[in-house]
Amino acid sequence: MPHTLTIETRPTPLGDLMLVTGPDGRLRATEFADCEDRLHRLLGRKLGAAGYRLVQGSAPTAIAQAVDRYFAGDLGAIRNMPIHNGGTPFQEAVWGALHRIEPGRPINYAALAKSIGRPDAARAVGHANGSNPNCIVVACHRLVGANGDLTGYSGGLERKRWLLDHEAKHARA
């Protein structure tokens, strides 16, 4: 029997953001509406192609309000959001480390690998980062290349630049 997940689409300054929550009220995935194919790919990997169905509805109020507050400049609003990523132990370690990166202080892949005790795993960190089902909430946009250059982001580099600028501006405030 497929998992029934609720999907709500919320407007943001970067375009509509889809919030997918489970029956337990935890956030299962976030993705920009123009990247919906990636959302289905990630959910399919976790639950199987026939292992889920999305129904239109509302995310829990606390989740929706936290996303809105983040975009309004309250960067800490998303920090304690109830999430369920459903990754491997290595992915969960990477995603946990991503979640702990301070807004306005991006780091590179090698530094993140070192922070989880796997200094030689920068490429694996990159792969786990690319499999993150909760963009923005699990701050994959805070990873940059070794020289500080912007590197890939599922929502596009323009969104990544906006998020980093938004966080730098509000982290100083």
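Residues numbered from 1 in each chain as written. Predicted model: local features only at pLDDT ≥ 70, side-chain atom pairs only at ≥ 80, totals over all residues. Heavy atoms only, no water.

Undergrad: So what about the pattern of salt bridges? Which residues, and what values?
TA: For the structure shown, the criterion picks out 10 salt bridges. A salt bridge links Glu167 to Arg142; the shortest N-O distance between them is 2.7 Å. You can see Glu167 sitting in helix H6 (residues 157–172) and its partner Arg142 sitting in the loop between helix H5 (122–130) and strand S6 (143–144), a full 25 residues away along the chain. Take Glu167 and Arg142: they sit in the same class, and that class is buried. Three or more residues are tied together by salt bridges with common partners; here these are Glu8, Arg10 and Asp68. (Salt bridge = Lys/Arg side-chain N within 4 Å of Asp/Glu carboxyl O. Helix = DSSP H or I, 4+ residues; strand = E, 2+ residues; numbered from the N terminus. Buried < 20%, exposed > 50% of the residue type's maximum accessible area, 1.4 Å probe, protein only.)

Undergrad: Give me the lowdown on the packing of aromatic side chains, citing residues and values where you can.
TA: Using the criterion set out here, one finds two aromatic pairs in the structure. A centroid spacing of 5.2 Å and a plane angle of 85° characterise the contact between Tyr70 and Phe71, whose relative ring orientation is edge-to-face. Pair check on accessibility: Tyr70 and Phe71 agree, each one buried. Judged by centre distance (5.9 Å) and plane angle (35°), the rings of Phe71 and Trp162 are tilted. Linking Phe71 in helix H2 (residues 61–71) with Trp162 in helix H6, this pair joins segments that are 91 residues apart in sequence. Judged by relative accessible area, Phe71 falls into the buried class, the value being 11%. A relative accessible area of 28% places Trp162 in the partly exposed class. (Phe/Tyr/Trp six-rings, centres within 6.5 Å; stacked < 30°, edge-to-face > 60°.)

Undergrad: Summarise the nonpolar core; cite the residues concerned and give the values.
TA: The biggest cluster of nonpolar side chains holds 35 residues, and the ones touching the most others in it are Leu98 and Ile136. At the level of elements, strand S2 (17–21), strand S3 (27–32), H2, helix H3 (89–100), helix H4 (109–115) and H5 are the ones that each hand at least two residues to this core. Counting residues per element, this core draws most heavily on H2, at five residues. When near neighbours in sequence (up to four residues on either side) are disregarded, Leu98 contacts Leu112, Asn129, Val138, Ala139, Cys140, Arg142 and Leu143. If you look at the next biggest cluster of nonpolar residues, it comprises eight residues, including Met18, Ala29, Leu43 and Tyr52. (Core = buried A, V, L, I, M, F, W, Y, C linked by side-chain atoms within 4.5 Å. Contact = heavy atoms within 4.5 Å.)

Undergrad: Just give me the short version of H2, but keep the residues and values in it.
TA: Turning to H2, its buried residues number three or more, namely Ile63, Ala64, Ala66, Val67, Tyr70 and Phe71. Viewed end-on, H2 has its buried residues packed into an arc of 160°, placing them on one side of the element. Exposed residues lying more than 90 degrees from the buried face of H2 are Thr61 and Ala62. Against strand S1 (3–10), S2, S3 and H6 lie the buried residues of H2. (Arc of directions from axis to C-beta.)

Undergrad: So what's going on with the packing of H3 against H5? Which residues, and what values?
TA: For any two helices packed against each other, one specifies the crossing angle of their axes together with the interaxial distance. Remark: H3 packs on H5, axes separated minimally by 9 Å, with the N-to-C direction vectors making an angle of 80°. With respect to H5, the element H3 is oriented roughly perpendicular. Here Phe90, Gln91, Val94, Trp95 and Leu98 of H3 come into contact with H5, specifically with Ala124, Val125, Ala128 and Asn129. Each residue belonging to the contact of H3 with H5 can be placed in one class, and the counts come to seven nonpolar, two polar and no charged. (Axes fitted to C-alpha atoms, helices over the stretch in contact; angles between N-to-C directions. Parallel < 35°, antiparallel > 145°, perpendicular 65-115°, else oblique. Nonpolar A, V, L, I, M, F, W, Y, C, P; charged D, E, K, R; others polar.)

Undergrad: Describe the side chain of Glu167, listing the residues and the values that go with them.
TA: Among the residues examined, Glu167 registers a relative accessible area of 0% and is labelled buried. Not counting chain neighbours up to four residues away, the residues in contact with Glu167 comprise Tyr70, Leu75, Pro103, Gly104, His141 and Arg142.

Undergrad: Tell me about the pairing of S1, and please be specific about residues and values.
TA: Alignment of S1 against strand S4 (residues 52–56), held across five bridges, turns out to be parallel. Residue pairing for S4: His3 is matched across the bridge by Tyr52. A loop of six residues connects S1 with S2, the two strands running antiparallel in sequence, and Gly15 in this loop sits at a positive phi of about 115°. (Pairing = 2+ DSSP bridges.)

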